[in-house]
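Overview (structure and organization)
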Amino acid sequence: MIAFVEGEVLAMVESGLVVRVGGVGLQVSAPAQLRASVRPGETVRLHTHLVVREDLLALYGFETDTERDFFVLLLGVNGIGPRTALSILSILSVDAVKRAVLSEQAEVFSRVPGVGKRNAQKILLHLQGKIKGDGMEMVGIGSEDEAVLEALTGLGYSVVEAQAAIQAIPKNGPTDVEERLRAALQYFSV
């Protein structure tokens, strides 16, 4: 098992990064937020999960071990493969997944492309009991982000796309609504 990969980002590819590790370029699939936050030439440390199949060796990388652990949990759901699990974590943050499970809102998962109502229910049932509510912050959306969400949906983006763009804004990023909207729009231009 490859627990983590640390090295220089050589290139961005459609669903991930190429990371130089000891003279070897590893292609690592990664969530959209991670891909948007790094540039070629930067050094990254990714918590990884290796998927081994008869016809495939694929490495999936995440900023935190918690994200990786949720990816592995999602892989345990019958009918959810690595691409769909990565898509879920590209659109929903770990906190959003926790909130959806704890509040039993399967429809949150069905908003992810490729996840229908049946698979959303399977995800909810599989994760119940494996996610604990204690110690979890229930992070609400601020008034600035509500305005950004409204503006993005007014421009034609779906609520899920708008939420993903807002989540991609750095935590220590701008606090002004206009600046946050610009940062969210940059998410779509990557």
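Below, the structure is looked at part by part. The structure displayed is predicted, hence computed values, not measured ones.

1. Remarks on the overall build of the protein chain
Secondary structure summary: the protein chain contains nine helices and five strands in total. For the protein chain, the N- to C-terminal ordering of α and β elements is β-β-β-α-β-β-α-α-α-α-α-α-α-α. What you see for the protein chain is a C-alpha radius of gyration of 17 Å, in line with the 16 Å of a compact globule of 190 residues. In terms of overall dimensions, the protein chain has a C-alpha envelope of 45 × 40 × 30 Å along the principal axes. Put simply, the protein chain has 190 residues, and 39% of those count as buried. Sequence separation of 24 or more characterises 53% of the internal contacts of the protein chain that already satisfy a separation of 6 or more. Counting every atom, the protein chain has about 10,500 Å² of accessible surface; 49% of that belongs to carbon and sulfur. Each charge class in the protein chain can be summarised by its mean position, and for the 18 positive and 23 negative side chains these summaries are 7 Å apart.

2. Focus on the pairing of strand S1 (residues 4–13)
Sheet topology places S1 next to strand S4 (residues 43–53); five bridges connect them, and they run antiparallel. Considered in S4, the bridge of glutamate 8 is made with threonine 43. Alignment of S1 against strand S2 (residues 16–21), held across five bridges, turns out to be antiparallel. When the bridges of S2 are listed, alanine 11 appears paired with valine 18. Taken together, S1 and the strand that follows it, S2, pair antiparallel across an intervening segment of two residues.

3. Section: unusual backbone geometry
Unlike most non-glycine residues, glutamate 104 shows phi in positive territory, near 55 degrees. Structurally, glutamate 104 is set in the loop between helix H4 (94–102) and helix H5 (107–110). Looking at glutamate 104, the relative accessible area reads 55%, which means it is exposed.

4. What about the side chain of asparagine 119?
In this structure, asparagine 119 sits in helix H6 (residues 117–127). Accessibility expressed as a relative area gives 18% for asparagine 119, which makes it buried. Contacts of asparagine 119, omitting those with residues within four sequence positions, involve Asn78, Gly79 and Ile80.

5. Let's talk about the sheet that holds strand S5 (residues 56–62)
The mixed closed barrel is built from five strands, whose spatial order is S1-S2-S3-S5-S4. Direction aside, the axes of adjacent strands within the sheet are offset by 55 degrees on average. Bridge analysis of S4 against S5 gives seven bridges, and the strand direction is antiparallel. Its bridge partner being in S5, valine 51 is matched across the sheet by alanine 58. Across the sheet, helix H3 (residues 82–91) is in contact with strand S3 (24–29), S4 and S5; its angle to S5 comes to roughly 15 degrees.

The rules behind these values
Residues numbered from 1 in each chain as written. Predicted model: local features only at pLDDT ≥ 70, side-chain atom pairs only at ≥ 80, totals over all residues. Heavy atoms only, no water. Helix = DSSP H or I, 4+ residues; strand = E, 2+ residues; numbered from the N terminus. Rg over C-alpha atoms; globule rule 2.2 N^0.38 Å. Buried < 20%, exposed > 50% of the residue type's maximum accessible area, 1.4 Å probe, protein only. Contact = heavy atoms within 4.5 Å. Areas by Shrake-Rupley, 256 points an atom, 1.4 Å probe, with all protein chains shown as cover. Lys, Arg positive; Asp, Glu negative; His and termini not counted. Charge placed at Lys NZ, Arg CZ, Asp CG, Glu CD. Pairing = 2+ DSSP bridges. Axes fitted to C-alpha atoms, helices over the stretch in contact; angles between N-to-C directions.

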